[in-house]
Amino acid sequence: MFRGICILLFSVKIFYGQSTNKITALKVHNEARKEVGAKPLVWSNNLEIDAKKYAEFLASKDMFKHSENLNEVGQGENLYSTAYFAFQENGEKYFFENTDYLENASISWLSEKKDFKYAKIGDRKNNFSKVGHYTQMVWIQTTQVGIAYSKSKSGKVYVVARYYPAGNIIGQFPY
């Protein structure tokens, strides 16, 4: 009897942790959208599945590269990578297990706001490589998001966000 209760509590903790990561990442996105007058995004389990598959692919190859089939599926994509370890004084790796990678990635993408000058995508006022993650987050026509991560054997974490419909259309304003 006691053993069954422990397993149930453990399962609830895992589920709650994953839900919390989604909620905090979505909150970061929706607070940024609210600032510019865009409607809140809703979480898409289908986009999360697509994001997870691609994050697992990146982790398996230990590479950082945008997907090549985004136009075919009409999705936008933000990527983020970090290490989930630090070196200890003895040179061994210490792995961080309780990190909210989805929220950290979302905050990183939001940090590009400081470099953004309101203009159409492709305008010379902005360096797209410095603002493109932010403009996808707040893209006014985007309505859904799903985010997931995967860890590589080398200790890197790959976070993938998928958005629908895709944003960052050249010649259009983000909001």
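In case you missed it, the structure is sitting above this.
Residues numbered from 1 in each chain as written. Predicted model: local features only at pLDDT ≥ 70, side-chain atom pairs only at ≥ 80, totals over all residues. Heavy atoms only, no water.

1. Focus on the sheet that holds strand S5 (residues 144–151)
In plain terms, the rule: By definition, two strands form a pair when at least two bridges between them are found by DSSP. Under the DSSP-based scheme used, a helix requires at least four consecutive residues in state H or I and a strand at least two consecutive residues in state E, with every element numbered from the N terminus. Two residues qualify as a contact provided that any one of their heavy atoms is within 4.5 Å of a heavy atom in the partner residue. Lines are fitted to the C-alpha atoms to define the axes, a helix being fitted only along its stretch in contact, and any angle between axes, read from their N-to-C directions, falls within 0 to 180 degrees.
Sheet architecture is open: four strands sit in the order S1-S5-S6-S2, paired in mixed fashion. The sheet terminates laterally at strand S1 (42–43) and strand S2 (76–83), the two strands that pair on one side only. Judged from the eight bridges that link them, S2 and strand S6 (residues 156–164) form a sheet pairing that is antiparallel. Each bridged residue has a counterpart across the sheet, and for Ser 81 the counterpart in S6 is Tyr 158. Lying over the sheet, helix H2 (residues 45–61) contacts S1, S2, S5 and S6, oriented at roughly 30° with respect to S5.

2. A word on the layout of surface pockets
Note the cut-off: A pocket here means an open set of points on a 1 Å grid, computed over the protein atoms alone, that has protein on both sides within 12 Å along at least five of seven lines. A cavity is instead a set of points where a 1.4 Å probe fits but cannot get out; residues with an atom within 4 Å of a point line either one. Grid points are joined across faces, edges and corners, and a volume is the space filled by probe spheres set on the points. Note on residue categories: nonpolar means Ala, Val, Leu, Ile, Met, Phe, Trp, Tyr, Cys or Pro, charged means Asp, Glu, Lys or Arg, and polar means any other residue, Gly included.
Of the voids in this model, the second largest pocket is the one considered here, and its volume is about 290 Å³. Residue contributions to the lining of the second largest pocket peak at five residues, all from helix H5 (residues 128–138). A breakdown of the residues in the lining of the second largest pocket according to their chemical character gives four nonpolar, twelve polar and one charged.

3. Description of the pattern of salt bridges
Note the threshold: Whenever a carboxyl oxygen of Asp or Glu lies within 4 Å of a side-chain nitrogen of Lys or Arg, that contact is scored as a salt bridge. Accessible area is worked out with a 1.4 Å probe on protein chains only. A residue is then buried under 20% of its type maximum, exposed over 50%, and partly exposed in between.
Summed over all chains, the structure comprises six salt bridges. Put simply, Glu 48 and Lys 22 hold a salt bridge, and the shortest N to O gap is 3.1 Å. Taken together, the residues Glu 48 in helix H2 and Lys 22 in helix H1 (residues 2–35) connect sequence positions 26 residues apart. Here Lys 22 falls in the partly exposed class, since its relative accessible area comes to 23%. Note that Asp 115 and Lys 114 form a salt bridge whose closest N and O atoms lie 3.3 Å from each other. Given the relative accessible area of 32%, Asp 115 is considered partly exposed. Here Lys 114 falls in the exposed class, since its relative accessible area comes to 65%.

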